[in-house]
Amino acid sequence: MGMKILLLIVFFAVMVGVGFYSRKHTKSVDGFVLGGRSVGPWLTAFAYGTSYFSAVVFVGYAGQFGWKYGLASTWIGLGNAVIGSLLAWVVLGRRTRVMTQHLQSKTMPEFFGQRFDSEVLKIVASLVVFIFLIPYTASVYNGLSRLFGMAFDIPYAACVVVMAVFTAIYVILGGYMATAINDFIQGIIMLFGIVAVIGAVLSGQGGFIEAIRTMAEIPSDVAVTQGQPGAFTSFFGPDPLNLLGVVILTSLGTWGLPQMVGKFYAIKDEKSIQTGTIISTLFAVVISGGCYFLGGFGRLFDNPAIYNSETGAVIYDSIIPYMLSTLPDILIGIVVVLVLSASMSTLSSLVLTSSSTMTLDLLKGRVIKDLSEKKQVVVMQALIVFFIVVSVVIALNPPTFIAQLMGISWGALAGAFLAPFMYGLYWKGVTKAAVWASFITGVGITVSNMFIGYIASPINAGAIAMLAGLVVVPVVSLLSPKMDKGTVEKIFECYDEKVVRTKKQSLE
């Protein structure tokens, strides 16, 4: 217990220390929100990766989908690496950095307002961000607190409050730069931690080959396989279709999430994009691939402790904590710091995104007419506290499983934003009507499914919302009135600006 507590004290001390160190970057709005657009490749790549993966993935998703799909759940992690990281950087990275600087937009709602010449679009987008980031934040608290309860026997409420307080301190002190530096430190911890945990868990099961053999003997309880043995070690698992839905939601979803896309706004230079793409992808392979690979062995730890005593249903969020409870104390301490690192990096990104969106896109010039640079930073700091308090209240009484909370959040946000944002970076023909149609489709599918339940899984509902937007935007754009040609040409002229490159970079 002493070692676990010592690790936590050192961890929190470093986080707060980085917050104080980064205070010099919070003098302006651009510095507080984007680190002055001067963040290098390693910090940007780790900020992207650590914001991507949190306790939601490690505890919620890895546990639930590892139990359902067995070792095939590793495909989710590989999808996250290829689609959610590699392709996201290649397709969105450079164009996002160039156009957002040209439009002087610091948030995704501000991008929609500038790109499509509509203040109303900006306001509605900012409300969508603020509302639907809250359940995601609550799911992060939920996942981490379950792990704390296992390791320290600390009440759930105390875990949530302590984590919220420390996150608020370093984000308020140092803004984006503090989160980026802490994300780098936390990312290093995550990389070493996940490798150590996988090795220890498999060793406890007699090694990799023995664990696979035992898994192969477990009969599947999914109807499509008629209970055939070996389903949980097969290539695509017992339920490939629903597995695909999870891959789409968790991989393609990052393309439309403001806290993820915002990382591209802050990139320093071309080298940062090239290097960041590689680092971010490798990081995702190890962290996400490792989490789901570990979760795939969940059925080896079948125990009454992971079932609801009244209903007999599996408590998915308890699977990973129970697996880890069998580890030595020092490893449990490392795991707690690992998941704490992942979760606090995600939380810091979420609260910074929400507070900046509310300040710059809703309050500035409307609710508060005279808002200087200094006042904007102060308002954002106050809203960070407000956002954290609201999410803590929800986290103390979470409505459903972690995975479902995240599915609702990702489905609404990425369903609304992914298509108009991506098409808006590449295609001059996207119209305002198409953006509105995407907003209505993404939020509409997610919210209506919450109440009616016509799509059995919130995960699949989120995936469908994203894919629907990719169809809706081009169709509506072709049928609706076009934007002013001169305005659009002026927006896209940023891509035609001439730059000089060295022979080292190009033979042209």
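Residues numbered from 1 in each chain as written. Predicted model: local features only at pLDDT ≥ 70, side-chain atom pairs only at ≥ 80, totals over all residues. Heavy atoms only, no water.

## Here's the deal with helix α14 (residues 329-363)
Taking 1.5 Å as the rise per residue, α14 with 35 residues should run 51 Å; its terminal C-alpha atoms sit 48 Å apart, in good agreement. Buried residues dominate α14, accounting for 32 of its 35 residues. (Helix = DSSP H or I, 4+ residues; strand = E, 2+ residues; numbered from the N terminus. Expected span 1.5 Å × (residues − 1). Buried < 20%, exposed > 50% of the residue type's maximum accessible area, 1.4 Å probe, protein only.)

## Here we look at the nonpolar core
Residues F58, F112, Y141, F417 and F421 are the most contacted members of the largest nonpolar core, which totals 156 residues. Looking at this core, the element that brings in the most residues is α14, giving 18 residues. Not counting residues within four places of it along the chain, the set of residues in contact with F421 comprises L92, T96, M108, F111, F112, W255, V261 and Y265. Among the nonpolar cores identified, the runner-up in size contains five residues, and I445, I455, A461 and A468 belong to it. (Core = buried A, V, L, I, M, F, W, Y, C linked by side-chain atoms within 4.5 Å. Contact = heavy atoms within 4.5 Å.)

## Re the packing of aromatic side chains
Taken as a whole, this structure holds 26 aromatic pairs when the rule is applied. Aromatic rings pair up to connect F111, F112, F116, F417, F421, W436 and F439 into one cluster. Lying over the aromatic face of Y426, R95 brings its terminal NZ or CZ to 4.2 Å of the ring centre. (Phe/Tyr/Trp six-rings, centres within 6.5 Å; stacked < 30°, edge-to-face > 60°. Lys NZ or Arg CZ within 6 Å of the ring centre and 35° of its normal.)

## Let's talk about unusual backbone geometry
If you check the backbone angles, Q104 has positive phi at about 55 degrees while not being a glycine. Counting through the fold element by element, Q104 comes out in the loop between α5 (74-103) and α6 (108-115). The phi dihedral of D117 falls on the positive side, at around 50 degrees, and the residue is not glycine. Tracing the sequence through the fold places D117 in the loop between α6 and α7 (119-152).

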